[in-house]
Amino acid sequence: MNILLWHVHGSWTTAFVQGPHSYLVPVTPDRGPDGRGRARTFSWPGSVREVPPGELRDAPVDLVVLQRPHEERLATEWLGGRRPGRDVPAVYVEHNTPRGDVPLSRHPMADRPDLTLVHVTHFNRLLWDNGTTRTAVVEHGIVDPGHRWTGRLPRAAVVVNEPVRRDRFVGTDLLPALAQAAPLDVFGMRTEGLATHLGLPEDRCRTADLPQARLHDAMAERRFYLHPIRWTSLGLSLLEAMHLGMPVVVLATTEAVEAVPPGAGTLSTRPEELARAARHYLAEPEAAAADGARARQAALERYGLKRFLDDWERLITEACS
């Protein structure tokens, strides 16, 4: 099939495009949010083809994968008037938890009999008011980076984009206390100046923005992975850390409580308990190795790439039938 989708979430798309189809990704001259084209820091197969909007009018498209509300309008315009869900089969993938008045958060695709609303976690489907729209859940899948953990550096790895701007959403306010238990290496976009913002010495909160291949190696050198995020769907970096064989120290919010089984690390709503676990892993590298091995096994079983692609194949077949 020819599947049209926008490059919105690099990590999720990296897994999705491992399927057996051809993937048409819009590209614009400025490579802005609506036309990023192929990823430059992720490894995508040759089946992903960049397509300028002007070439989509007559392109054979079997399925449109929408991920943002305005993409429905773009697709109709760029496909020469063909409407997703009516003239071309369509699904809408919801990556995010709702914002605002959460118990009453109505999804922008609620009450749509012409498409399927696909959530990436069961928590998301539970929290959104989907109306009468048919819903499905396809949990994340990860391209296995391999068991790389060495834990040779007695530091915590944290992966988060824009920690200053996103602040309490991603648990930035929790980092000063946690940095007292273990020095932090925070990886992600726009992390520069974080230590100064938090009033921490540079050696207790270092930052870097690395491409995925280098990021995985850097994460695996740290003793454990710290996930202090309060409100997110389910951070793919947490699942990647588990695949790497890292023990995880996780704030017990949203879907994280389903992703981290006993023996794979520490899961708690109490920051002081996370700090205790951090000190434990720094002092006991053998315990870190054992918990990391269990974390990897759990991640492979639940968030393996084959299961993810099989789930999507079933859903694509239903949507296009």
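Residues numbered from 1 in each chain as written. Predicted model: local features only at pLDDT ≥ 70, side-chain atom pairs only at ≥ 80, totals over all residues. Heavy atoms only, no water.

> Can you help me understand the overall build of the protein chain in this one?
Tallying secondary structure elements over the protein chain gives 12 helices and 13 strands in all. Taking 20 Å as the expected radius of gyration for a compact globule of 321 residues, we find that the protein chain reaches 20 Å, a close match to that expectation. Projected onto its principal axes, the C-alpha positions of the protein chain cover 60 × 40 × 35 Å. For the protein chain, the residues scored as buried account for 56% of the 321 residues in total. Sequence-distant contacts, at least 24 apart, represent 65% of the contacts inside the protein chain between residues at least 6 apart. Summed over all atoms, the accessible surface of the protein chain reaches about 13,700 Å², with 51% contributed by carbon and sulfur. Positive and negative side-chain charges of the protein chain, numbering 38 and 40 respectively, have mean locations separated by a distance of 2 Å. (Helix = DSSP H or I, 4+ residues; strand = E, 2+ residues; numbered from the N terminus. Rg over C-alpha atoms; globule rule 2.2 N^0.38 Å. Buried < 20%, exposed > 50% of the residue type's maximum accessible area, 1.4 Å probe, protein only. Contact = heavy atoms within 4.5 Å. Areas by Shrake-Rupley, 256 points an atom, 1.4 Å probe, with all protein chains shown as cover. Lys, Arg positive; Asp, Glu negative; His and termini not counted. Charge placed at Lys NZ, Arg CZ, Asp CG, Glu CD.)

> Quick question: what am I supposed to make of the packing of helix α8 (residues 236–243) against helix α11 (residues 285–303) here?
Helix-helix packing is described using two parameters, namely the angle between the two axes and the distance between the axes. At a minimum axis separation of 7 Å, α8 and α11 run at an interaxial angle of 120 degrees. With respect to their mutual orientation, α8 and α11 come out oblique. Here α8 contributes L239, M242 and H243 to the contact with α11, which in turn contributes G292, A295, R296, A298, A299, L300 and Y303. For the contact of α8 with α11, a count of residues per class yields seven nonpolar, two polar and one charged. (Axes fitted to C-alpha atoms, helices over the stretch in contact; angles between N-to-C directions. Parallel < 35°, antiparallel > 145°, perpendicular 65-115°, else oblique. Nonpolar A, V, L, I, M, F, W, Y, C, P; charged D, E, K, R; others polar.)

> What is the right way to look at helix α7 (residues 212–221) in this model?
Think of an α-helix as 3.6 residues a turn; residues three or four steps apart then line up on the same face. Among the residues of α7, those classed as buried are Q212, L215, H216, A218, M219 and A220. Where α7 is buried, its residues contact α1 (10–16), β8 (153–159), β9 (184–187), β11 (222–227) and α8.

> What exactly am I supposed to notice about the nonpolar core here?
It is characteristic of soluble globular proteins that their nonpolar side chains tend to be buried jointly. Residues W12, F16 and W312 are the most contacted members of the largest nonpolar core, which totals 79 residues. The contact partners of W312, leaving out residues within four places of it in the chain, are W12, F16, V91, V93, V118 and V138. In terms of nonpolar packing, the next biggest core, distinct from the first, is built from 20 residues, A59, L66, L74 and A75 among them. (Core = buried A, V, L, I, M, F, W, Y, C linked by side-chain atoms within 4.5 Å.)

> I'm lost on helix α2 (residues 71–78) in this one. Help?
Listed in full, the buried residues belonging to α2 are E71, L74, A75 and W78. Buried positions in α2, seen along its axis, are confined to an arc of 100 degrees and lie on one side of it. Residues of α2 that are buried sit in contact with β2 (22–26) and β4 (63–66). Once α2 finishes, G80 follows within two positions and takes phi at roughly 70 degrees, a positive value. (Arc of directions from axis to C-beta.)

> How do you make sense of the sheet that holds strand β12 (residues 248–251) when you look at a structure like this?
Hydrogen bonding along the main chain pairs the strands of a sheet, whether they run parallel or antiparallel. Across the sheet, which stays open at both edges, the six strands sit in the order β10-β9-β8-β11-β12-β13 with parallel pairing between neighbours. The sheet is open, and its two borders are formed by β10 (205–208) and β13 (265–268), each paired with just one other strand. The average undirected angle you get between the axes of adjacent strands in this sheet is 20 degrees. Across four bridges, the pairing between β12 and β13 is parallel. Pairing of L251 across the sheet is with S268, part of β13. Seen against the sheet, helix α10 (residues 271–283) touches β8, β11, β12 and β13 and runs at an angle of roughly 170 degrees to β13. (Pairing = 2+ DSSP bridges.)

> Explanation requested: the sheet that holds β2 in the structure shown.
Pairing within the open sheet is parallel, and its seven strands lie in the order β3-β2-β1-β4-β5-β6-β7. Lying at the two open borders of the sheet, with one neighbouring strand each, are β3 (48–51) and β7 (134–137). Between one strand axis and the next, the sheet turns through 25 degrees on average, direction left out of account. Bridging between β2 and β3 involves four bridges; their strand directions are parallel. In the strand pairing of β3, P26 is matched with V51. Across the face of the sheet, helix α12 (residues 305–320) comes into contact with β1 (2–5), β4, β5 (90–94), β6 (116–119) and β7 while running at roughly 140 degrees to β5.

> Would you mind going over the pattern of salt bridges with me for this structure?
A side chain of one charge can pair with a side chain of the opposite charge if their charged atoms are brought near each other. Here the structure, examined in full by the defined rule, presents 29 salt bridges. In this structure, R68 and D34 form a salt bridge, with 3.0 Å as the shortest nitrogen-oxygen distance. Here R68, found in the loop between β4 and α2, pairs with D34, found in the loop between β2 and β3; they are 34 residues apart in sequence, far enough to count as distant. R68 sits in the buried class, given a relative accessible area of 16%. (Salt bridge = Lys/Arg side-chain N within 4 Å of Asp/Glu carboxyl O.)

> In this structure, what is going on with the packing of aromatic side chains? I would like to understand it.
For any two aromatic rings, the description comes down to two numbers: the centre-to-centre distance and the angle of the planes. For the coordinates displayed, the defined rule picks out eight aromatic pairs. Seen from their ring centres, F16 and W312 are 5.0 Å apart, and the 80 degrees between their planes marks the pair as edge-to-face. Of the two residues, F16 is situated in helix α1 and W312 in helix α12; the sequence distance between them amounts to 296 residues. Take F16 and W312: they sit in the same class, and that class is buried. Taken together, the ring pairs connect W12, F16, Y23, F308 and W312 into an aromatic cluster. The lysine or arginine in question, R99, covers the ring of F169, its NZ or CZ lying 4.3 Å from the ring centre. (Phe/Tyr/Trp six-rings, centres within 6.5 Å; stacked < 30°, edge-to-face > 60°. Lys NZ or Arg CZ within 6 Å of the ring centre and 35° of its normal.)

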